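Inside the fold
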Amino acid sequence: MFALVAVPVPLGRAFSYAIPEHLRGHVAAGARVLCEFGRRKLLGVVLELSDEPPAGLDPAKVKPLLGLLDDEPALPAELLRFLRELAEYYLAPIGEVLRLALPSVERSQVESAQDRELFDQAGVATVGAMQQVAVARGDVADPETERKLRGQAKELLTALREGGPQAITTLTERFTNARSAVKRLEQLGLALIERRAREADRFFSEAVERDVPKRLNEHQQAAVEALEDALATGASKSFLLEGVTGSGKTEVYLQVVEACLKLSGGVIVLVPEIALTPQLVARFRARFGDAIAVLHSGLSDVERSRMWRSLREGRVAIAIGARSALFAPVRDLKLICVDEEHDGSFKQEEGVRYNARDMAMLRAHRAGAVCVLGSATPSLSSEALVRKQRIERLILPQRAIVGAVLPDVEVVNLRNVGAGPSGNRLISLPLHRELERVLSEKRQAILFLNRRGFAPSLICEVCGTVAECPNCSVALTMHRTHGDQLRCHYCDFTSPSALPCTQCKMTRYALEGVGTERVEKALVDAFAGAKIARLDRDVASGLKSEAILDRMRAGEVDILVGTQMVTKGHDLPNVALVGVLNADAALSLPDYQASERTFSLIVQVAGRAGRAGTRGKVLIQTRNPEHPAILHACSHDTRAFVEYELSERREARYPPYYRLLMVRVDCADPGVAERTAQQLAAVARKVVGSAAEVLGPSAAPLARLKNRHRYRCILRSPKREPLYRAAHALGQVKVDARVRIALDVDPVSML
Ligand code: ADP
Ligand code: ZN
């Protein structure tokens with residue numbers, strides 16, 4: 001008897017081991033086993049069993065398995081099959097793919113692997129764990145004391161004030177001297193240290209009142225019926241639930257989930273960013289109670305493992321989380337909902353480059369489950385599937401709450417409308433007036449700008465050179481919140497002061513462009529007395545963003561300025577104005593999806609206005625008012641945009657009509673990187689002949705990243721087969737050991 005085992009190494013294949021006498025009959029596919037790999041002992045997962053020895057190997061020479069960890073396979077058969085298929089689809093090493101599915105406690109600790117009790121003990125020990133949290137004191141504002149603050153203590157206090165209470169362990173990630181800085185703040189009476197329940201439990205920390213299913217409107221009713229019918233037949237089917245923001249998609253999910261639970265089925269709900277959607281979790285708890293596994297990055301390994309097991313054992317039937325929740329070992333999977341399916345974050349851009357939206361359909365298909373993709377701005381990829389009749393479209397055409405209407409949209413052409421009284425060109429005169437109106441009416445406004453920092457770039461005043469990161473071919477961004485600081489948004493580089501210009505060695509720079517910090521500053525200066533807050537990754541990582549949104553919801557903020565984070569599905573009823581400060585920023589990216597992303601960003605952020613009964617207003621500032629993505633977003637005309645963009649894609653030979661395979665090559669040595677890229681392109685050309693185009697190689701738009709030079713080559717064909725043929729051939733090419741090659745199937749990022 002032999003077992004084919006996947007071990008966590010970046011090699012494309014699995015390895016055969018002999019099953020020793022005493023383990024026969026116990027080892028099953030999906031079980032974790034201990035095996036010898038080279039000189040190491042590794043935990044692997046059995047993919048399949050066979051009676052035959054591996055071809056061409058002497059059976060006596062096949063190494064035996066060293067041990068078995070599970071009587072019941074860790075990975076259920078359905079999930080294991082899916083993972084193997086995913087690995088093939090993305091040309092990814094099976095061992096790496098399995099790591100996505102097994103929480104690290106389940107896969108690590110080889111030394112204690114024999115100790116089966118380990119996991120259970122670990123689970124018990126951390127239940128209800130507390131942690132130390134630093135809280136800024138709002139009651140003392142003694143400017144004298146604060147003036148004494150220097151360095152990190154000062155920065156940390158600002159961070160606490162802006163981002164709300166934070167765990168000290170989290171603060172240590174951002175501040176090297178977090179502990180002593182917090183101590184200092186405590187001594188000065190500026191902050192408190194409290195013991196609180198771990199963040200992981202934050203989704204469950206407040207009681208929610210149970211609610212009952214709402215009476216559906218006719219469109220919701222039709223959608224729920226279609227989904228329930230599909231569930232009842234037990235055959236797999238995928239749907240696109242297209243409904244404007246606020247049309248009641250979530251209520252549809254809730255009712256279908258309920259139907260699924262009645263059939264004893266398991267459910268996975270995928271959302272773009274779980275930290276930004278605690279309301280969604282709250283709505284699930286209100287409907288189904290606390291037997292929900294919320295998978296998110298704030299979980300410790302042990303907590304993750306605990307949730308994983310409760311799903312695996314069928315004690316919990318609903319898993320909610322970001323893309324990796326797709327791998328939840330839910331029992332009798334009958335339903336997968338992908339909320340905001342158009343969102344780019346479903347694509348993982350490192351390691352195994354999978355797209356959770358596409359794979360949700362695959363997993364559902366193989367499991368005989370129903371898959372619902374929901375969005376107000378469906379991706380063109382889903383749109384194409386509808387047209388090919390591979391998935392069925394369900395439409396919710398209007399907002400669910402009676403009287404809630406879509407906002408009025410007004411375009412501000414930045415080419416001929418100047419700055420308002422603030423002098424900041426992104427706060428145009430019409431926007432300034434609207435903000436004044438909103439403030440006088442005691443309503444709230446959201447301003448969206450997808451640029452963090454104070455000024456996105458610095459230009460040498462002497463010779464005009466842009467200051468770049470020393471490690472990346474990226475302009476450095478000026479940040480000012482914690483004193484002047486230059487930062488690279490792609491690597492960890494930061495510098496407190498301007499670097500000498502690489503051309504003329506001077507350090508006189510002009511600040512170019514406007515980031516969220518600069519807007520915030522301009523608003524504070526222009527609207528004295530208004531409460532202004534900012535939401536971006538600099539003030540709010542992970543669950544911290546919720547603190548800012550809570551303040552918004554509680555009416556403690558009048559104007560919220562932020563990045564993409566403000567566009568996600570928050571339900572903020574008092575928001576009467578949404579401003580898109582620079583609609584063109586996303587258009588200029590070197591990326592075939594730039595228009596699609598611009599369109600959905602604008603529509604999504606506009607959807608935040610006027611959610612609860614009163615008419616909202618949206619101002620879109622642009623220098624390209626005639627660009628179709630902007631034009632159609634302003635008139636909220638999804639059909640027209642889709643027609644336009646599909647014909648563009650067809651003409652330019654891009655997805656959904658063509659398939660792409662991106663081959664990325666990077667190396668510290670630019671020459672080696674370029675030569676390898678050329679070598680790979682030549683091999684690919686030979687293999688595919690006329691069945692596919694090979695574009696490039698060329699330097700990547702992001703030509704240097706963390707001191708590695710990057711080249712890319714794009715393979716394109718209407719069919720998948722030639723791309724895979726090329727990929728397998730590329731896998732055989734011997735290249736310089738310093739070179740890294742990454743294959744990206746259906747790439748999203750073109751950088
Ligand atoms: P979406 O997910 O499409 O943005 P939601 O499900 O969040 O929409 O619904 C928007 C608002 O309408 C929510 O406040 C929700 O409670 C409410 N709502 C949804 N369906 C109904 C219904 N059938 N009757 C009354 N209110 C509803
Ligand atoms: Zn950098």
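About the criteria used
- Residues numbered from 1 in each chain as written.
- Chains lettered and ligands numbered in written order.
- Predicted model: local features only at pLDDT ≥ 70, side-chain atom pairs only at ≥ 80, totals over all residues.
- Heavy atoms only, no water.
- Donors = N, O, S within 2.8 Å, 3.2 Å for Na, K, Ca; no water.
- Tetrahedral: all angles 85-135°; square planar, octahedral: opposite > 155°, others 65-115°.
- Buried < 20%, exposed > 50% of the residue type's maximum accessible area, 1.4 Å probe, protein only.
- 1 Å grid on protein atoms, 1.4 Å probe; cavity = no way out; pocket = protein on both sides within 12 Å on 5 of 7 lines; lining within 4 Å.
- Points joined across faces, edges and corners; volume = space filled by probe spheres on them.
- Helix = DSSP H or I, 4+ residues; strand = E, 2+ residues; numbered from the N terminus.
- Nonpolar A, V, L, I, M, F, W, Y, C, P; charged D, E, K, R; others polar.
- Arc of directions from axis to C-beta.
- Near = heavy atom within 4 Å.
- Polar contact = N/O pair within 3.5 Å; in protein donor to acceptor, adjacent residues only side chain to side chain.
- Areas by Shrake-Rupley, 256 points an atom, 1.4 Å probe, with all protein chains shown as cover.
- Contact = heavy atoms within 4.5 Å.
- Pairing = 2+ DSSP bridges.
- pLDDT = per-residue confidence, 0-100.
- Salt bridge = Lys/Arg side-chain N within 4 Å of Asp/Glu carboxyl O.

Side note on the coordination of the zinc ion (ligand 2)
In the first shell of the zinc ion (ligand 2), the protein supplies C469 (SG), C472 (SG), C488 (SG) and C491 (SG), at 2.2 to 2.4 Å from the metal. Relative to the metal, the four donor atoms surrounding the zinc ion (ligand 2) lie at angles of 102 to 114 degrees, and the coordination shape comes out tetrahedral. Mapping the donors of the zinc ion (ligand 2) onto the primary sequence yields the spacing C-x2-C-x15-C-x2-C. The same class applies to C488 and to C491, which are both buried.

Section: empty space enclosed by the protein
The probe, sized like a water molecule, is rolled over the atoms to show the empty space still left. Applying the stated criterion to the full structure yields five cavities of 30 Å³ or more. Reported here for the second largest cavity is a volume of approximately 70 Å³. Forming the walls of the second largest cavity are A159, E162, G163, R174, T481, H482, R487, E517, R534, D538 and V539. A per-element tally of the lining of the second largest cavity places helix α6 (residues 151-163) first, with three residues. A class-by-class count of the residues in the lining of the second largest cavity yields two nonpolar, three polar and six charged.

Some words on helix α8 (residues 178-187)
All of the buried residues in α8 are A178, A181, V182 and L185. Across the axial projection of α8, the buried residues extend over an arc of 100 degrees, all falling on one side. In the stretch just after α8, G189 is the one whose phi turns positive, near 75 degrees.

A short note on the site of ligand 1
Residues in close proximity to ligand 1 total 18 residues, the closest being R215, Q220, G246, T250 and R283. Taking K214, its side chain carries an N or O atom lying 3.4 Å from an oxygen atom of ligand 1. Between G248 and ligand 1, the recorded distance is 2.9 Å, taken from a backbone N or O atom to an oxygen atom. For ligand 1, the accessible surface in isolation is 560 Å², of which the surrounding protein chains cover 81%. By residue class, the composition of the shell around ligand 1 is four nonpolar, seven polar and seven charged.

Quick notes on the environment of L702
With respect to the element layout, L702 can be found in strand β28 (residues 693-705). Sequence separation between L702 and V474 is 228 residues; the distance between their C-alpha atoms is 7.3 Å. If near-sequence neighbours (up to four positions away) are discounted, L702 is found in contact with S473, V474, Y490, R710 and L751.

Points about the sheet that holds strand β21 (residues 494-495)
Across the sheet, which stays open at both edges, the three strands sit in the order β19-β20-β21 with antiparallel pairing between neighbours. Looking at the sheet topology across the chains shown, the edges are occupied by β19 (477-479) and β21. The pairing of β19 with strand β20 (residues 485-487) spans three bridges and is classified as antiparallel. Its bridge partner being in β20, M478 is matched across the sheet by L486.

Considerations on the confidence of the model for the protein
Mean pLDDT for the protein: 87, with 93% of residues reaching 70 or above. Between residues 110-129, whose pLDDT stays under 50, and residues either more than four places distant or in other chains, the model counts 27 contacts.

Concerning the pattern of salt bridges
Per the stated rule, a full pass over the model turns up 46 salt bridges. Its salt-bridge partner being E313, residue R315 comes within 2.8 Å of it at the nearest N-O pair. R357 is the salt-bridge partner of D358, the closest N and O atoms lying 2.8 Å from each other. In this pair, the class of D358 matches that of R357, namely buried. In the salt-bridge network here, residues are joined through shared partners; they are E242, E383, R387, R393, R639 and E643.

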